[in-house]
Each structure stands twice: as C-alpha cells, then as structure tokens.
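Spelled out from the first residue to the last, the chains are:
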Amino acid sequence: MITVVIATRLREDRLDYLTAMHTSLTRQSVPWEAVIAIDSADPRRLPVPLASDPRVRTLALPRPVGAACARNLALNAVRTPYTNWADDDDEFTDDAMAVRLAALESAGVGWCAGWSQDLHPDGSTRLWECPAPPGRHEAGDVWTYWKSPADTIPIGPTTILARTELVRAAPMGGLVQGEDYMAAVGVTCLAPGILLPVPVYRYRKHPGQLTAQPGYDELESAAREHAWQYGRSLRSVLRDHQSEPMLGDRLLEPAAGGQA
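None of the values given here were measured: they were computed from a predicted structure.

Q: Mind laying out the pattern of salt bridges, listing which residues take part and the relevant values?
A: Within the structure shown, the criterion is met by 18 salt bridges. A salt bridge links Arg14 to Asp89; its shortest N-O distance comes to 3.0 Å. Of this pair, Arg14 sits in the loop between strand S1 (2-8) and helix H1 (15-26) while Asp89 sits in the loop between strand S4 (82-87) and strand S5 (91-92), and the two are 75 residues apart along the sequence. Through salt bridges with shared partners, a single network forms among Arg14, Asp88 and Asp89.

This is how it looks when you write it as structure tokens:
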C-alpha cells in the first residue's frame, strides 16, 4: 500500500539511525515497501536488517547528487498507491501508517498528515504541533498558515502520507536544503487533505543532523523564501483557474480503465 522513500549517504554515524528507521517500519500494521536512494556510497554498507528485508529496494547512484535529486530519482521506483518521504536518521510511530491511511481513504482526499515529535538523545520526546490546525484542509489552505518565509513551516513534510500520483506532481524541490518545504507546499496546494492531531513521526535531534552543520544558516533564508514564493504562486495560479478542473481534483478521479 505504501512506499517510504529515503535518501542516504550511509554515513557511519547514521547507520544505527537508519536501522532504527527500518525497525519502526517493521512495527507498522499495513503493507509497506521502502526505496533507499544511496547517494554515491557503497551499497554494501547498507545495514544487514535492511539488506536482508525483501520489502527494501535500493537505488545506488554513481555520483553525489544531493538529497533532493536522490529522493526524486527514487520516486521513479515507487509502485504503490501511496508514498511517504522519510529521512535516514528519524523514525515513525507504531501506528503512523495505519491511522493516516484509514483517514485518507475514508475521506477520499489526496493526503493525510500528523504531528511530529523531537526525539532527543536520552530517548525523551517533545511534541511539535505544526501551525496548520488539525482537520480537513482544502487545496491551497495549508500554505496560508505560513505567514512569512521566516516563520515556522506550516506542516511537517515527512508527516505527510499522500497518493503517489500527487507526490509525482509535487516532488522534492530543486534546492540544496529546504527541498522538502516545497514538496509539502506542493502536495497540499494541489489536493485537499486531512491533518490528524496525533504524532506520526519522530525527528531525531543529534549533532550530525543537517540543521546542526556549519553553514546551514547561510542558505536557509533563501531556501525558505523560494519555497514560500512557490506556494504562494502555485496557490494563486490554481485559484485563478477555478473554472477549470483543478489538478488535485483530476488526481483524485479514477483513471480510465483502472484505479486512481
């Protein structure tokens, strides 16, 4: 039912975290697959639990391409109705897939998200409630809770479970960071969805995470500005053409001769 797409460079300090991510997937109660995009690293470094799991497929990239490109190339290998982005150092809560899949399918929307938790080194967690409120959101509404580029993003990108065709229409943005901001804004602008007031994802806090690296702040404001402007423009264009079927509506319609 669901494919989790993960990009990784198989760094030594993150291998245990990647194994923990896989362990969290094994606790899910709905069928899943994972596509691991290995960004220029030796595939033989993939931890044994993942390498021996037939539900895990790999895409070994011959040269460094960065997280955005690696994730988008891995999207080519998705063969399930639903897709969820994830990072190689985080993990899902035990009911993350089941609770969102049930809500998404019962409501007939394009995506379903939840809250996230910061996971600290001592094992403690702290809940993060995104600015977008729980409940149903029509296409484009989530972006309105991102008041300015400097503010907190309106929804957690890795908390979103979405129809694969919708994710293909709004994949990772062409940025060296903040590419997931664009993916979240794009998906929520193209189709209606639901935000559940339950944690579905744990965001690991550790010294090796991207946001803790030297130089991260140098491009953060520019990345946020680009993603914010993308969301504003996409929402505006779609609403200017409300007399025509919106892309989100077409993505939710059954395909001719088959399933949606």
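Once you've had a look at it, read on.
Q: Residues and numbers for the nonpolar core, please.
A: In this structure, Trp111, Trp146, Ile155 and Ile160 are the most contacted members of the largest nonpolar core, which totals 44 residues. At the level of elements, S1, strand S2 (32-39), helix H3 (67-75), strand S6 (111-119), helix H5 (164-169), helix H6 (179-190) and helix H7 (216-240) are the ones that each hand at least two residues to this core. In terms of nonpolar packing, the next biggest core, distinct from the first, is built from 32 residues, Leu15, Leu46, Ala96 and Ala103 among them.

Q: So what's going on with the pairing of S2? Which residues, and what values?
A: Counting buried positions along S2 gives eight out of eight residues, so the element sits mostly inside the fold. Going residue by residue along S2, you find Trp32, Ala34, Ile36 and Ile38 tucked away on one face and Glu33, Val35, Ala37 and Asp39 tucked away on the opposite face as well. Examined bridge by bridge, S1 and S2 share seven bridges and lie parallel to one another. Residue pairing for S2: Ile6 is matched across the bridge by Ile36. For the handedness criterion, the β-α-β arrangement of S1, H1 and S2 is classed as right-handed. With six bridges connecting them, S2 and strand S3 (residues 56-61) associate as parallel partners. Note that in S3 the partner of Ile38 across the bridge is Ala60.

Basis of the calculations
- Residues numbered from 1 in each chain as written.
- Predicted model: local features only at pLDDT ≥ 70, side-chain atom pairs only at ≥ 80, totals over all residues.
- Heavy atoms only, no water.
- Salt bridge = Lys/Arg side-chain N within 4 Å of Asp/Glu carboxyl O.
- Helix = DSSP H or I, 4+ residues; strand = E, 2+ residues; numbered from the N terminus.
- Core = buried A, V, L, I, M, F, W, Y, C linked by side-chain atoms within 4.5 Å.
- Buried < 20%, exposed > 50% of the residue type's maximum accessible area, 1.4 Å probe, protein only.
- Pairing = 2+ DSSP bridges.
- Right-handed = clockwise from strand over helix to strand, strands pointing away.

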